[in-house]
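Read off the chains here:
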Amino acid sequence: MEFPYIFWWVFAWMIFWSVTGSIAARRSYMRRDLDTTNASFVGAMLGASTGPFGLVPLCMKTPNITTRMMVVPALASVGVLMIAFGFADPGNFCVSNGSFVASQIVNGLIIGIIYGFMALGLTLIFSILGVVSFAHGEFYMIGGMITYFLTSVWLPGINPIIAIALACLAAFVLGAVFERMFLTPMYEGKIDRPVEYGILVTFGLAFTLQYFVQATAGANPLKASRYFDFPRIRLPSSADPWLIKTSRGNMELFDTVSISNPRFTAAVMCIIVFGLLMLFLHRTWTGKALRAVSQDREAAAIAGINPDRMNMLAFALGGMIAALAGALLVQAFSWLPQVGAIPAMRSFVILVLGGLGSIPGAFVGGVIVGLFEAAGTGCLPDAQKAASYIPAYGMIILTLTLLLRPTGLFGRRFASGAHGQF
Amino acid sequence: MTRSRIPQAAGLALVLIFAVFPFVYARADYPFIMHILITGFFYAILASSWSMLAGYAGQFSFGHLGFMGIGAYTAALFSHYFYLSPVPTNICTEYPFGDLYLIIVNPIGVTSSTLSQDCLREALTIWNGSVQITPMPVWLGIILGTVMGGVFGLLIGLLVLPLRAAYLALFTLGFSEILRAAISAEIEITRGQAGIELPYLFDSGITLFGRHFDKTDKLPPYFVMLFLLLLCLAIMTWLAKSKFGMFVRALREDQDAAAALGVNTTRYKVLVFVVTSMMAAAAGAVMAHYIRIITPNNLMILQMSLVVAMAVIGGVENVIAAAIGAIVIEFALELLRNSFEIGPFTLDMTVWRFVVFGVLLMLALRFARNGLIAPLIEYFTRGHVAKETVAIRTATPEGTEGPS
């Protein structure tokens, strides 16, 4: 960084005023006996973006908090931070090189879609069972492992789609069996702390699966070969392909943004499956029953839906979605038994950021996390440090969300069941 | 002796056995067994303090190893960067301290070249052995680490006040991961993945009862760790029996009801975080001085799952059961290392033992909710009470309690 002090002073100023703002806004709303759920968030964001100039009127007038009052200051504080960074480090690629920024954004979007898809599984589980599955990353790992072994070791030459489907099926069955064997006592009221039980028992599953795979498949990194090749396209002409240029493993847009094939296919398939899942959830009886259970368990039971069945289905489906994400990404990343930890963390972040059991929240949250990580890895001046901090970016979002707005982006304020509490 | 006295007698006997064991045991694998025991005590402190936090207070935190890491890294950084010297180096940051100088070594991180050594090493080459510098006392580092753990426990305790259940678990997990990422990223200061080295617990050896122990001897760290474990257990049993324990359990059962009855939930929730994280930090600091290296991988989530599993298998609502569970499991894990063959297959037990262990964890959670050791203690101490409760339960008609 050329002028680090600019950035750090702005940063310190923002932190100071956001902390002050979150406390002061909450206090002043509390004193007037108003709704304080979003007061600390608005206070923090307004403090970060405008300093005392926005805070004082907020605390004096305590207006009703609208969505716009939350979105605008939040975006403004991100903007202020970006501008400060731009002034502090004018030589950085993130500031000076437009094509670098564009490719970072596109890569962030693509990886964000995949994360969001994976978090969708966790959201499904959480909204219906009220449990955060700590084994989500292991389902992801299993999906990738099975697909790798099917396509590369056991049945080389198999159509990758079939291999992916088989991996999904295996994860589905595993999820269903696990749910029947270990999660059923949660619903029967036999356990006084069901949520904690669910967390610990899925934690145990994660531990077991991880070492089971390490014992059977070994700890060497594996990587599946590319599933599909891009067709060769050059537009508008093969001599001057400024719009799009593809080779078998790579795609280049506008001469600047390069997207690798595995990520692109993964993202596209995620979007397709997401669409199918939406159809399933909104058009079929079972899907509607799932959503009904997530909204109100007792009412759904009265309407003739067996909530226990839906629990099993939700857990199995959630595991399957994670496995699908893994099966799609095993061609992009090298695969280890421990590979599930980082995507699992990201899913937790997205789950919290998107809001309790909110499906659009999962997708938007995924994209935000993807972009944030792309910005973090691309823009931090010290590349090695930036790479080491990768696991932390998401967790910073998570802690901030939990502190300022525990309902997340699209969270319902009064959710039913065990997840009504924070 | 009545039956309810048996656990106390057994506990006393166990402590005596642990106290006498290093003097009696004389087989060839003595250092190995001692090492397992020290590690077992270390995990026992972590597991029992976690069970205090999770089982007693109902705060299922996944950041416990983060606190351990704070203790260990504070001790490590303290011994790594602070020295006392009678002569100023004039290169380092230094402050007069009595008639000595407190030297703060500049962080240089891991470098392969010998040219960019830190300022103190340069000064030492200039002095060429004429000046004797003193490293900071180990115990001061351990105390600092413990205090640091308490400070962070206070901070985290304050931050997680409004969070419950899954959110608390995710938040503490986030804290631990951020800490780990920060430690592995700030290579200049913490030396990243390479880990930071620490001096021996007793760097110049120690003489106890007329017998001199070398710095590599396992006996002094064994007793330090055992003493720390007993101290922690004593504090926690005392706390659990006192009003604090009662309030904290009320907090676990129903926070709102406890608050309505006048329990200062904020204070006790924060306090339990502070106490348990101080214990974890102290254990981490001592352990780091014993194994003499600490790396960010010691804070990994898998290590946390080990601690959780130990506490759960031992009995998460009983600190002593959790401690015993940890020692037993540490032993079992080490003894299960031997690979064996079934027909054509060779089972590599170094990995398979964890699979067995994970299955055991799930089964213990599913079928033995109070763990495997806690019910044993309960059976002796509260056998008569249990019988009465069962009688009352069978007397109540079925179905009066709806599913919650």
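Conventions used here
- Residues numbered from 1 in each chain as written.
- Chains lettered and ligands numbered in written order.
- Predicted model: local features only at pLDDT ≥ 70, side-chain atom pairs only at ≥ 80, totals over all residues.
- Heavy atoms only, no water.
- Helix = DSSP H or I, 4+ residues; strand = E, 2+ residues; numbered from the N terminus.
- Buried < 20%, exposed > 50% of the residue type's maximum accessible area, 1.4 Å probe, protein only.
- Contact = heavy atoms within 4.5 Å.
- Areas by Shrake-Rupley, 256 points an atom, 1.4 Å probe, with all protein chains shown as cover.
- Pairing = 2+ DSSP bridges.
- Axes fitted to C-alpha atoms, helices over the stretch in contact; angles between N-to-C directions.
- Parallel < 35°, antiparallel > 145°, perpendicular 65-115°, else oblique.
- Left-handed = near helix turned anticlockwise from the far one by under 90°.
- Nonpolar A, V, L, I, M, F, W, Y, C, P; charged D, E, K, R; others polar.
- 1 Å grid on protein atoms, 1.4 Å probe; cavity = no way out; pocket = protein on both sides within 12 Å on 5 of 7 lines; lining within 4 Å.
- Points joined across faces, edges and corners; volume = space filled by probe spheres on them.
- Buried area = accessible area lost by both parts, 1.4 Å probe.
- Salt bridge = Lys/Arg side-chain N within 4 Å of Asp/Glu carboxyl O.
- Polar contact = N/O pair within 3.5 Å; in protein donor to acceptor, adjacent residues only side chain to side chain.
- Core = buried A, V, L, I, M, F, W, Y, C linked by side-chain atoms within 4.5 Å.
- Phe/Tyr/Trp six-rings, centres within 6.5 Å; stacked < 30°, edge-to-face > 60°.
- Patch = residues over 30% accessible without salt bridge, like charges linked within 9 Å, V, L, I, M, F, W, Y side chains within 5 Å.
- Expected span 1.5 Å × (residues − 1).
- Bend = angle between axes of the 7 residues up to and from the residue.

A. Here's a closer look at the overall build of chain B. Looking only at helices and strands, chain B has 16 helices and 10 strands in total. For chain B, the residues scored as buried account for 49% of the 404 residues in total. Within chain B, contacts between residues separated by at least 24 positions form 72% of all contacts whose residues are at least 6 apart in sequence. Summed over its atoms, the accessible surface of chain B is roughly 19200 Å², and 66% of this surface lies on carbon and sulfur atoms.

B. Looking closely at the sheet that holds strand β3 (residues 100-104) of chain B. Residue and element names in this part refer to chain B. Pairing is antiparallel across the open sheet formed by four strands, whose spatial order is β2-β3-β1-β4. At either end of the open sheet lies a strand with only one pairing partner, and these are β2 (93-97) and β4 (134-135). Direction of pairing for strand β1 (residues 82-85) relative to β3: antiparallel, over a ladder of four bridges. Looking at the pairing, Ser 85 lines up with Tyr 101 of β3. Helix α3 (residues 64-81) rests against β1 and β3 of the sheet, and its axis sits at about 35° to β1.

C. Spotlight on the packing of helix α2 (residues 30-56) of chain B against helix α11 (residues 265-291) of chain B. Residue and element names in this part refer to chain B. Running from N to C, α2 and α11 point in directions that differ by 165°, and their axes come no closer than 9 Å. Put simply, α2 runs roughly antiparallel to α11. Seen along the crossing, α2 lies across α11 with a hand that is left-handed. Two secondary-structure elements touch here, α2 through His 35, Ile 38, Thr 39, Phe 42, Ile 45, Leu 46, Ser 49, Met 52 and Leu 53 and α11 through Val 272, Phe 273, Thr 276, Met 279, Ala 280, Ala 283, Gly 284, Met 287, Tyr 290 and Ile 291. Its residues assigned to classes, the contact of α2 with α11 comprises 14 nonpolar, five polar and no charged.

D. Summary view of the pairing of strand β3 (residues 250-253) of chain A. All names here are of chain A. As paired elements, strand β2 (residues 244-246) and β3 share three bridges and run antiparallel to each other. The residue bridging Ile 244 from the neighbouring strand is Leu 253, located in β3. With four bridges joining them, β3 and strand β4 (residues 257-260) adopt antiparallel strand pairing. Within β4, the position partnered with Leu 253 by the bridge is Val 257.

E. Up close: empty space enclosed by the protein. A complete count under the given rule lists four cavities of 30 Å³ or more for this structure. Space inside the largest cavity adds up to approximately 140 Å³. Lining of the largest cavity is provided by 14 residues; of these, Leu 200 of chain A together with Phe 60, Val 316, Glu 317 and Arg 369 of chain B occupy positions nearest its centre. Contributions of two or more residues to the lining of the largest cavity are made by α9 (194-217) of chain A together with α2 of chain B.

F. Examining the sheet that holds β4 of chain A more closely. Residue and element names in this part refer to chain A. Taking strand neighbours across the sheet as the criterion, the four strands line up as β1-β2-β3-β4 in an open arrangement whose pairing is antiparallel. For this open sheet the edge positions go to β1 (234-235) and β4, each flanked by a neighbour on one side alone. This element, helix α10 (residues 261-283), spans β3 and β4 of the sheet and lies at about 75° to β4.

G. Representation of the interface of chain A and chain B within the structure. At the interface, 51 residues of chain A touch 48 residues of chain B. Taken over both partners, the interface formed by chain A and chain B buries close to 4600 Å², and the fraction arising from carbon and sulfur atoms is 76%. At the boundary of chain A and chain B, one finds zero salt bridges. In this structure, the connection of chain A to chain B is made through two residue pairs in polar contact (both at pLDDT 80 or more).

H. Representation of the pattern of salt bridges. Residues and elements named next belong to chain A. In this structure the tally under the stated criterion is three salt bridges over all chains. Of the charged contacts, one joins Glu 179 and Arg 180 as a salt bridge, the two residues approaching to 3.1 Å between their closest N and O atoms. Arg 346 is the partner of Glu 373 in a salt bridge, and the nearest nitrogen-oxygen pair spans 2.6 Å. Of this pair, Glu 373 sits in helix α15 (residues 359-379) while Arg 346 sits in helix α14 (residues 341-354), and the two are 27 residues apart along the sequence. Assigned by exposure class, Glu 373 and Arg 346 land together as buried.

I. Focus on the nonpolar core. Membership of the largest hydrophobic core comes to 206 residues, with the highest contact counts inside it found for Phe 134 of chain A together with Trp 50 and Phe 62 of chain B. Setting aside chain neighbours within four positions, we find Trp 50 of chain B in contact with Leu 200 of chain A together with Gly 55, Phe 60, Ser 61, His 64, Met 304, Val 307, Val 308, Ala 311 and Val 316 of chain B. One finds Ala 39, Ala 44, Leu 46 and Met 70 of chain A within the second-largest nonpolar core, a separate group that totals 14 residues.

J. Representation of the packing of aromatic side chains. All names here are of chain B. Evaluated as defined, the whole model comprises 30 aromatic pairs over all chains. On the numbers, 5.7 Å between centres and 55° between planes, the contact of Phe 244 with Tyr 268 is tilted. Within this pair, whereas Phe 244 is found in helix α9 (residues 243-253), its partner Tyr 268 is found in helix α11, the two being separated by 24 residues in sequence. Each of the two residues, Phe 244 as well as Tyr 268, counts as buried. Through a chain of ring-to-ring contacts, three or more aromatic side chains come together here, namely Phe 18, Phe 23, Phe 41, Tyr 222 and Phe 223.

K. Structural context of a nonpolar patch on the surface. Residues and elements named next belong to chain A. A grouping of Ile 162, Leu 166, Leu 169, Val 173, Val 177 and Met 181 is seen on the molecular surface, where their side chains present a nonpolar patch of about 510 Å² in accessible area. Its place among the elements puts Leu 166 in helix α8 (residues 160-187). Classification of Leu 166 as partly exposed rests on a relative accessible area of 37%.

L. Structural view of unusual backbone geometry. The phi dihedral of Arg 292 of chain B is positive, around 70°, even though this residue is not glycine. Relative accessible area serves as the criterion here: at 29%, Arg 292 of chain B is assigned to the partly exposed category.

M. Region of the structure containing helix α1 (residues 6-24) of chain B. Residues and elements named next belong to chain B. Taking 1.5 Å per residue as the helical rise, α1 with its 19 residues ought to reach 27 Å, and the 25 Å between its terminal C-alpha atoms agrees with that figure. At Phe 18, α1 is bent by approximately 30°, the largest bend along its length, and proline Pro 22 sits one to four residues beyond. By the burial criterion, the buried members of α1 are Pro 7, Phe 18, Phe 21 and Pro 22. Looking at the buried positions of α1, the neighbouring elements they touch are α2, α8 (219-241), α13 (319-335) and α15 (374-381).

N. Representation of the side chain of Ser 127 of chain A in the model. Tracing the backbone through its elements, the reader meets Ser 127 of chain A in helix α6 (residues 98-129). A distance of 3.2 Å separates a polar atom in the side chain of Ser 127 of chain A from the backbone oxygen of Leu 124 of chain A.

O. Examining the side chain of Thr 401 of chain A more closely. Residues and elements named next belong to chain A. Relative to the helices and strands, Thr 401 is located in helix α17 (residues 390-404). By relative accessible area, which is 9% here, Thr 401 ends up buried. The contacts of Thr 401, once residues within four sequence positions are left out, are Val 352, Leu 353, Pro 406 and Gly 408.

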